Amino acid sequence: MKIFKLCLVVVFAIALTAFAVKTDAKGYTVGDIATDFSLQNIDGKKVSLADYKEARGFIVIFTCNTCPYSVAYEDRIVALDKKYASKGYPVIAIMPNDTDLKPGDNIDAMRARAKAKGFTFPYLLDEGQDIYPQYGATKTPHVYVLQKTKKGNEVKYIGAIDDNYKDADAVNERYTEAAVNSLLKGEEIKNPQTRAIGCSIKVKS
Amino acid sequence: MKLILFVLSLCVLSCNNSETHTAKSAPTNAKVNTVMTSANNYKLDVYDYNGLAPLINKKDDQVHVVNFWATWCAPCVKELPYFEVINTQYKNEGVEVLLVSLDFPKDYETKLKSFILKHNITSKVVALDDTDQNRWITAIDQSWSGALPATIIYKGDKRNFYEQSFTQKELETELKQFLK
């Protein structure tokens, strides 16, 4: 009987694991715990979320050099970091594309772009394209706001930076800012998930 | 509407203007801008989502293939010829292709129109210019994260949405589900 029970437990555990893997493939939803990583920055050093002892959370943005939507948001991403890094929510930018398919997104091009635009945050290469599928990023730019909790870095917001890709001056709703502001105040996030057009992440077929 | 456009194009031709921008407000919230250039005389209709919605929800007997793309989107440009093939080869089987460009408005003249002419695109092309993406992306399909390219194939109430790139074969396989 004991063996039978043990078997049941094992089967149940396998079923759970299988289910978890399946969920991961689709990426995170709000409330999930985001994985940490160790990715190469444009200065050659490895960066992990765990390096940020003082941070209260993170604004993780999957972005790249070659997507016009990402380019349209570069200044606004810098502004987000300048505004929120000191409040405990630094921007961590991750470039998810295959660099053979998009040479304009390779580490040298990333370094040049970061310098030209005055990036104040790490710009990491998702080498091996291992991290973005776990988050469930499908396009650039794609934002994940994380909050440090006892359980880990909890996903609090997924989606767009704001509601106007064309014109930063004509923005009505700053979704990412609103999400971080709510976290800072300890309030509910009004729009925890938003959508925007972006460039599909480039993967070898 | 077609009559108005026809009259307008006559006017443009007879006036021999180098360029005319016409904005018309339909009775609904829909907006249609028609940009014409006599140099190539290519007419591009520009819609907001309310204007586009009737074009991607037609209740006729045709099979509609709607592809969301942009000239800056490499995988979109790669698969565009496959949609062109569908448009010509399946026309007689009641298939209609609509290419919805998400190019930036500043690029309509310089990039989009020249692309259409250079590649001899025969499918109908319209442009969607609506910044409230958070509203219309989910209105087009709940599952769409917003990545390009994306495609809808529909006939009446049967409707499939694809947030992916196609090969010619894959596209035809999906289309054939609707031709039975």
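Right, let's walk through the structure included here.

Time to look at the overall build of chain B. Counting its secondary structure elements, chain B contains six helices and nine strands. Burial analysis of chain B (180 residues in total) assigns 49% to the buried set. Of the roughly 8,800 Å² that chain B leaves accessible, carbon and sulfur atoms contribute 54%.

This part takes up the overall build of chain A. The number of helices and strands found in chain A is five helices and ten strands. Across the 205 residues in chain A, those meeting the buried criterion constitute 48%. Accessible surface for chain A amounts to roughly 10,300 Å². Of this, 56% is attributable to carbon and sulfur atoms.

Tallying the contact residues gives 25 residues for chain B and 19 residues for chain A. Overall, the association of chain B and chain A removes approximately 1,800 Å² of surface from exposure, summing both partners, and the carbon and sulfur fraction of that is 58%. Linking chain B with chain A are one salt bridge, by the criterion used here. Among the ionic pairs, D129 of chain B bridges to K166 of chain A, the shortest N-O distance being 2.7 Å. Taken together, the connections running from chain B to chain A amount to ten residue pairs in polar contact (both at pLDDT 80 or more).

Attention shifts here to the side chain of N87 of chain B. Residues and elements named next belong to chain B. Its location among the elements puts N87 in helix α3 (residues 74-89). Given the relative accessible area of 4%, N87 is considered buried. Once residues within four sequence positions are removed from consideration, N87 is found in contact with V97, T122 and S123.

Next up on the list: unusual backbone geometry. Of note, the amide linkage connecting T140 of chain A to P141 of chain A takes the cis form, showing an omega dihedral of -10 degrees. Inspection of the secondary structure assignment puts P141 of chain A in the loop between β7 (139-140) and β8 (142-149). Of the consecutive residues L148 of chain B and P149 of chain B, the connecting peptide bond is found in the cis state with omega at 0 degrees. Tracing the backbone shows P149 of chain B in the loop between β7 (147-148) and β8 (150-155).

Residues and elements named next belong to chain A. The buried fraction of β8 is high, at six of eight residues. As defined by bridge partners, β8 adjoins strand β9 (residues 152-159) across seven bridges and the pair is classed as antiparallel. By the bridge assignment, T149 is partnered in β9 with G152. Linking β8 to β9, which pair antiparallel, is a turn of two residues.

This part covers the pairing of strand β4 (residues 63-69) of chain B. Residues and elements named next belong to chain B. Of all seven residues in β4, seven are buried; the element is thus mostly enclosed. Side chains of β4 alternate between two faces, with V63, V65, N67 and W69 and H64, V66 and F68 buried alike. Sheet analysis places β4 next to strand β5 (residues 95-101), joined by seven bridges and oriented parallel. Note on β5: the bridge partner recorded for F68 is V100. A crossover links β4 with its parallel partner β5, the connecting element being α3, and its sense is right-handed.

Under the defined criterion, the tally for this structure stands at 18 aromatic pairs over all chains. On the numbers, 5.2 Å between centres and 45 degrees between planes, the contact of Y69 of chain A with F104 of chain B is tilted. One end of the pair, Y69 of chain A, is in helix α2 (residues 68-84); the other, F104 of chain B, is in the loop between β5 and α4 (108-118), on a second chain. Note on accessibility: Y69 of chain A and F104 of chain B belong to one class, buried. Relative to W144 of chain B, the ring of F68 of chain B lies with its centre 5.2 Å away and its plane at 45 degrees, an arrangement referred to as tilted. Of the two residues, F68 of chain B sits in strand β4 while W144 of chain B sits in the loop between α5 (133-140) and β7, which places them 76 residues apart along the sequence. Residue F68 of chain B is classed as buried on the basis of its relative accessible area of 0%. We classify W144 of chain B as buried; its relative accessible area is 0%. An aromatic cluster is defined as three or more aromatic residues linked by ring pairs; in this entry it consists of Y28, F62, Y135 and Y144 of chain A. Against the face of F104 of chain B rests K106 of chain B, its NZ or CZ located 5.4 Å from the ring centre.

Reading the values: rules and limits
- Residues numbered from 1 in each chain as written.
- Chains lettered and ligands numbered in written order.
- Predicted model: local features only at pLDDT ≥ 70, side-chain atom pairs only at ≥ 80, totals over all residues.
- Heavy atoms only, no water.
- Helix = DSSP H or I, 4+ residues; strand = E, 2+ residues; numbered from the N terminus.
- Buried < 20%, exposed > 50% of the residue type's maximum accessible area, 1.4 Å probe, protein only.
- Areas by Shrake-Rupley, 256 points an atom, 1.4 Å probe, with all protein chains shown as cover.
- Contact = heavy atoms within 4.5 Å.
- Buried area = accessible area lost by both parts, 1.4 Å probe.
- Salt bridge = Lys/Arg side-chain N within 4 Å of Asp/Glu carboxyl O.
- Polar contact = N/O pair within 3.5 Å; in protein donor to acceptor, adjacent residues only side chain to side chain.
- Pairing = 2+ DSSP bridges.
- Right-handed = clockwise from strand over helix to strand, strands pointing away.
- Phe/Tyr/Trp six-rings, centres within 6.5 Å; stacked < 30°, edge-to-face > 60°.
- Lys NZ or Arg CZ within 6 Å of the ring centre and 35° of its normal.

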